[in-house]
Amino acid sequence: MPTFANIETFTNLLSSALDEGIFISIHYSNKRSFSTIDKIQCRFLEIKNAPQISSSIFQNDQNYIKNDPPKAFLNNHKEWLPLFKQIILKTNSETIQLLVNKKQKGTLKISTQKNEVINPNHNRSKNYIINEDAPFLHSLGISSSNGKVKEKGYKKFRQINKFVEILEAHLPDEDPKDPMQIYDFGCGKAYLSFAAYYYINTVQKQKVNLLGIDLKSKVIDQVNQVATNLGYDTLRFEVGDITKFQIQKMDVMIALHACDIATDIAIAKAITSNAKLIIMAPCCHKQVRKSLTPSPVSSTIFKHGILEERMIANITDGIRGLILESKGYKVKIFEFISSEHTSKNVMILAEYTGLIKNTQDDINQLKSTFGIKNHYLESLV
Ligand SMILES: C[S@@+](CC[C@H](N)C(=O)[O-])C[C@H]1O[C@@H](n2cnc3c(N)ncnc32)[C@H](O)[C@@H]1O
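Residues numbered from 1 in each chain as written. Predicted model: local features only at pLDDT ≥ 70, side-chain atom pairs only at ≥ 80, totals over all residues.

Q: Residues and numbers for the overall build of the protein, please.
A: Assigned secondary structure in the protein consists of 12 helices and 14 strands. Its C-alpha atoms give the protein a radius of gyration of 23 Å, near enough to 21 Å, the size a compact globule of 381 residues would have. Taken along the three principal axes of its C-alpha coordinates, the protein extends 70 × 50 × 35 Å. Within the protein, counting contacts between residues at least 6 apart in sequence, those at least 24 apart form 64% of the total. (Helix = DSSP H or I, 4+ residues; strand = E, 2+ residues; numbered from the N terminus. Rg over C-alpha atoms; globule rule 2.2 N^0.38 Å. Contact = placed C-beta atoms within 7 Å.)

Structure representation (structure tokens):
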């Protein structure tokens, strides 16, 4: 078949899927150099009982949503198609991948795979990516059996949704041949492991292996049982110390509130495993505090305990960010949730770009200004 026909065939398959009501999602990724849009993820939704295609458009570190009726969506598709090298269409029975080369020659790969629509009702009015009735929320005690979040579960529910929003905006492109490999270091009760897995596996229909690791065997037994009961066969948890953990392949590393240097160990593992995305919220910052002999300038403000605590947290995380930049990551540090939910609300997000910055002088200067002898992450990478 002439290759141009493949591109046309793909658009015809999309058109039929929209007409027949079997469309589930379409993702545009691997952007061309001239494209100002990084990626687009579209899924089927019902808004006030009318079918809509909701498109999440990622551009300039922002993400905006556009909802269109299926017919109008086809025009978007024709406009977006030339901007990307890979487009993956999911219907309720097939996954269809279109790869387009520089000469606009297309290759189609079709695999049969049952993709069920999960609750297409629109609830973005509250901006929740994870619906209240997601089964894992009930299993973890956040919602009740009628699929409504319990009063005391709302904080966690919002935190989970905020986390998944961030994950959605930065998730590496899907590789249809290879499942995405995610590690959650210091997973604890694993709310975020379940949320990430549910979003990628059940909502996005992507193949994913997620392994959560924690020191506490009782918690790990419990969360493994929950994963088994939910039939999440590629979500697993293991008891272990992340320091000693051997990594085969890592695409995404998650570490939320892993204690003190556990965060540094998690970052080092991610760097040495060439993780594409690192999402973490540091916890306590004891190591740098212990290695500190306040310099004359820092002692003028460190005499106030709260300022010392905050400054050390900021310097520790700032140096983590600089080290990540020196290893080819683009780093963003921001508050991921309001401080009324948790005071440990700083998130470090690092995406691998390969652009290496020389940050050593800045790190040295920070350390000498504040009287820090060593930062544990420096000794690991
Ligand atoms: C504050 S809890 C956070 C749990 C979970 N990530 C969350 O955000 O709900 C920190 C967890 O990190 C685990 N942890 C600390 N050091 C660890 C290490 N070296 N290896 C594995 N787990 C570790 C602890 O057992 C604990 O469950």
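Moving on from the model shown.
Q: Explain the nonpolar core to me, and be specific about the residues and the numbers.
A: Counting residues in each nonpolar core, the largest one holds 78 residues, and the members touching the most others are Ala195, Ala196, Met253, Ile254 and Ala266. By residue number, the principal contributor to this core is helix α5 (residues 191–203), which donates 9 residues. Ignoring anything within four residues of it in the chain, the contact list for Ala196 reads Val164, Leu167, Ile182, Leu210 and Ile254. Membership of the second largest hydrophobic core comes to 21 residues, among which are Ile7, Ala17, Phe23 and Tyr28. (Core = buried A, V, L, I, M, F, W, Y, C linked by C-beta atoms within 7 Å. Buried ≥ 20, exposed ≤ 12 C-beta atoms within 10 Å, placed from the backbone.)

Q: How would you explain the domain arrangement of the protein if you had to name every residue and give the values?
A: Once the domains are mapped, the protein shows domain 1 (3–112) and domain 2 (124–380). Here the C-alpha centre of domain 2 lies 31 Å away from the C-alpha centre of domain 1. Tallying the contact residues gives 15 residues for domain 1 and 8 residues for domain 2. Counting residues per element, the ones that place at least two in the side of domain 1 that touches domain 2 are β1 (23–31), β3 (50–59), β4 (62–68), β5 (84–91) and β6 (94–100). (Domains from an automatic or database assignment.)

Q: I'd like a description of the environment of Leu83, backed by residues and values.
A: Along the chain, Leu83 falls in the loop between α2 (70–80) and β5. For the pair Leu83 and Ser35, spaced 48 residues apart in the sequence, the C-alpha separation amounts to 5.4 Å. In this structure, Leu83 is in contact with Tyr28, Lys31, Arg32, Ser35 and Ile37, ignoring residues within four places of it in sequence.

Q: For the sheet that holds strand β8 (residues 180–185), give the residues involved together with the corresponding values.
A: Strand order across the open sheet formed by 7 strands is β10-β9-β8-β11-β12-β14-β13, with mixed pairing between neighbours. In the strand order of this sheet, the two ends are held by β10 (235–239) and β13 (329–335), each with one partner. Ignoring strand direction, the axes of neighbouring strands in this sheet form an average angle of 15°. Strand direction decides the pairing type here: β13 and strand β14 (residues 346–352), joined by 7 bridges, are antiparallel. Bridge pairing in β14 places Val331 opposite Ala350. On top of the sheet, helix α6 (residues 217–229) reaches β9 (208–214) and β10; it is set at about 165° to β10, its chief contact. (Pairing = 2+ DSSP bridges. Axes fitted to C-alpha atoms, helices over the stretch in contact; angles between N-to-C directions.)

Q: Could you give an account of helix α7 (residues 261–272), with specific residues and numbers?
A: In this model, α7 (12 residues) spans 16 Å end to end at C-alpha, consistent with the 16 Å of a helix rising 1.5 Å per residue. Among the 12 residues that make up α7, 10 are buried, leaving the element largely enclosed by the rest of the structure. Considered for burial, the residues of α7 that qualify are Ala262, Thr263, Asp264, Ile265, Ala266, Ile267, Ala268, Lys269, Ala270 and Ile271. Those residues of α7 that are buried lie in contact with β8, β11 (252–256), β12 (277–281), α10 (305–326) and α12 (376–380). Just downstream of α7 lies Asn274, where phi reads positive at about 55°. (Expected span 1.5 Å × (residues − 1).)

Q: Go over the site of the ligand, please, and point to the residues and values.
A: Around the ligand, the surrounding shell holds 18 residues, and the nearest of these are Gly186, Gly188, Ile242, Leu256 and Ala262. Across the shell around the ligand, the residue classes break down as 10 nonpolar, 4 polar and 4 charged. (Near = placed C-beta within 6 Å. Nonpolar A, V, L, I, M, F, W, Y, C, P; charged D, E, K, R; others polar.)

Q: Describe the sheet that holds β5, and please don't skip the residues or the numbers.
A: The strands making up a sheet associate through hydrogen bonds between their backbones, and the pairing can be parallel or antiparallel. On the basis of which strands lie adjacent, the open sheet formed by 7 strands has the order β4-β3-β2-β1-β5-β6-β7 and antiparallel pairing. Strands with a single pairing partner mark the edges of an open sheet, and in this sheet they are β4 and β7 (106–112). Strand after strand, the sheet turns through a mean of 15° between neighbouring axes, direction not considered. Strands β1, β2 (39–47), β3, β4 and β5 of the sheet are contacted by α2, whose axis makes an angle of about 25° with β3.

Q: I'd like a description of the pairing of β5, backed by residues and values.
A: Across the 8 residues of β5, 6 count as buried, placing the element largely inside the fold. In this sheet, β5 lies alongside β1 in antiparallel orientation, the contact comprising 7 bridges. Pairing of His27 across the sheet is with Ile88, part of β5. When β5 meets β6, the two strands line up antiparallel, connected through 5 bridges. The residue of β6 that forms the bridge with Gln86 is Leu99. Taken together, β5 and the strand that follows it, β6, pair antiparallel across an intervening segment of 2 residues.

Q: Go over unusual backbone geometry, please, and point to the residues and values.
A: Residue Gln104 is not a glycine yet carries a positive backbone phi of 65°. The topology assignment puts Gln104 in the loop between β6 and β7. Gln104 gets classed as exposed once you count the C-beta atoms within 10 Å, which come to 11. One non-glycine residue, Asn274, lies in positive phi territory at about 55°. Mapped onto the secondary structure, Asn274 falls in the loop between α7 and β12.

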